[in-house]
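Survey of secondary and tertiary structure
The primary structure of each chain is shown beneath.
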Amino acid sequence: MSISNLSKDQSQILQVNAPAKVNLHLEVLGLRSDGFHELAMVMQSIDLADCLRFANNEEGLVSLTIDDPTLSAGDENLIVKAANLLRSFSDRSDLGAAIHLQKNIPIGAGLAGGSSDAAAALKGLNSLWKLGIEKNQLMELAADLGSDVPFCMEGGTQLCFGRGERLEPLSTFRDSSMSILLIKDPLVSVSTPWAYGRCKEIKGNDYLSSEIDFEKRRQKLRNQSWLRALDVPPLYNDLQQIIEPELSAVENALKLLASLPGSDGVAMSGSGPSCFALYPSLQSAKTVHDEYKAEFEALGVESWCCPFKSQGVSFFDE
Ligand code: C5P
């Protein structure tokens, strides 16, 4: 049975909102013994979200449908991985679900769309299947699925250390109306392993290697005054210096955003290729977006205007 054929009285249907993120700060500190990079980041949820719907499947099958045919709905999809991880963790292979993903966040964009979907699947299925898994445990499962998945569970504004999974919450922008104008070339996507691989090739000799040095950098970031006052974040991304010279789509996007009026800075998000300009209010971002939307379309670039968001994945009634 498809999820769209289920009415509320036939089965409980849960809807979970899965917002994207941008990096206000991304510093690559060094290489870890597990092969991942040690990072010092500030991640920010934005109001651009996928929507996941969950219904029980009495036959014990997990099925996924997606409104975007370019995205695989097979076992390698992080939503299916999250469902299987929950089933094996709870030792309940009898549990099934029909899951539908409405994809709004661009794919391979540096916006953590796949990670947010995985976080939404953990939260949604924990509730649908009444597993009662506690938050700490759910966060560990999230980290097993991907470095950005714990952030996506919590969301808002967070310092993210380690692989990205060690979170320290910040309330800096909770009452702010700061917004971004986000653009992406729909024909270009970036593989995260490739981006970090290039970073290692180019900057590997300058990497820090001791935990003492990592901690000094973390402390330096924690002490930044803009994290305490409602100040304009000085956007920074080490991966931007790696990716911008290699991808003309990123170079062009950053130039285009820098030429727009009134922004407080521009940067690439994550490993790219999405780039954004920061605005002090939704209205100021919208005014520029309205003025330049036709130009973005003519250049073949997708664009969104998104306020900062103070939470990660959430049920629709939350
Ligand atoms: O954790 P996630 O699955 O999102 O990571 C994807 C890939 O990105 C990793 O396999 C690794 O190549 C790279 N990565 C990294 N250091 C991180 C996060 C990701 O090298 N902190």
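Residues numbered from 1 in each chain as written. Predicted model: local features only at pLDDT ≥ 70, side-chain atom pairs only at ≥ 80, totals over all residues. Heavy atoms only, no water.

Observations regarding unusual backbone geometry
Across the junction of G272 and P273, the peptide omega takes the value 5°, indicating a cis bond. Here P273 shows up in the loop between β9 (266-268) and β10 (275-279). Residues other than glycine seldom take positive phi values, yet D91 does so here, at roughly 55°. Relative to the elements of secondary structure, D91 occurs in the loop between α1 (78-89) and β4 (97-102). Its relative accessible area of 68% is what places D91 among the exposed residues. With phi around 50°, K130 is a residue other than glycine that occupies positive phi space. As for its placement among the helices and strands, K130 is situated in the loop between α2 (113-128) and α3 (135-145). We classify K130 as exposed; its relative accessible area is 66%. (Helix = DSSP H or I, 4+ residues; strand = E, 2+ residues; numbered from the N terminus. Buried < 20%, exposed > 50% of the residue type's maximum accessible area, 1.4 Å probe, protein only.)

Comments concerning the sheet that holds β10
Pairing is antiparallel across the open sheet formed by 4 strands, whose spatial order is β9-β10-β7-β11. This sheet does not close on itself; its edge strands, each paired only once, are β9 and β11 (302-307). Each adjacent strand pair in this sheet contributes to an overall mean axis angle of 25°, direction not counted. Bridge count for strand β7 (residues 179-184) against β10 is 5 bridges, and the pairing is antiparallel. Among the inter-strand pairings, L181 is bridged to a residue of β10, identified as A277. (Pairing = 2+ DSSP bridges. Axes fitted to C-alpha atoms, helices over the stretch in contact; angles between N-to-C directions.)

A short note on the layout of surface pockets
As a volume, the largest pocket reaches approximately 1,000 Å³. In terms of lining residues, the largest pocket is bounded by 44 residues, among which S115, D148, T192, P193 and S271 are the most central. The greatest single-element share of the lining of the largest pocket, amounting to 5 residues, is contributed by helix α5 (residues 192-203). Split by residue class, the lining of the largest pocket holds 20 nonpolar, 17 polar and 7 charged. When we break the lining of the largest pocket down by domain, the ones giving at least three residues each are domain 1 (3-171) and domain 2 (179-307). (1 Å grid on protein atoms, 1.4 Å probe; cavity = no way out; pocket = protein on both sides within 12 Å on 5 of 7 lines; lining within 4 Å. Points joined across faces, edges and corners; volume = space filled by probe spheres on them. Nonpolar A, V, L, I, M, F, W, Y, C, P; charged D, E, K, R; others polar. Domains from an automatic or database assignment.)

Section: helix α9 (residues 282-298)
Between the first and last C-alpha of α9 there are 24 Å, a value that for 17 residues agrees with the 24 Å anticipated at 1.5 Å per step. Of all the bends in α9, the greatest measures close to 50° and is centred on Y292. Against the buried residues of α9 lie β7, α8 (248-258), β10 and β11. After α9 finishes, the residue G300 shows a positive phi value of roughly 75°. (Expected span 1.5 Å × (residues − 1). Bend = angle between axes of the 7 residues up to and from the residue. Contact = heavy atoms within 4.5 Å.)

Observations concerning the confidence of the model for the protein chain
Of all residues in the protein chain, 96% have pLDDT values of 70 or greater, and the mean over the chain is 95. Predicted confidence for residues 1-10 stays below pLDDT 50, and this span has 12 contacts to residues more than four positions away or in other chains. (pLDDT = per-residue confidence, 0-100.)

Section: the packing of α1 against α2
In a packed pair of helices, the relevant descriptors are the angle between the two axes and the axis-to-axis distance. Their axes nearest at 8 Å, the elements α1 and α2 cross at an angle of 35°. Relative to α2, the crossing made by α1 is right-handed. Residues L78, I79, A82, A83 and L86 of α1 lie in contact with α2, whose contacting residues are G114, S115, D117, A118, A121, L122, L125 and N126. Residue composition of the contact of α1 with α2, by class: 9 nonpolar, 3 polar and 1 charged. (Left-handed = near helix turned anticlockwise from the far one by under 90°.)

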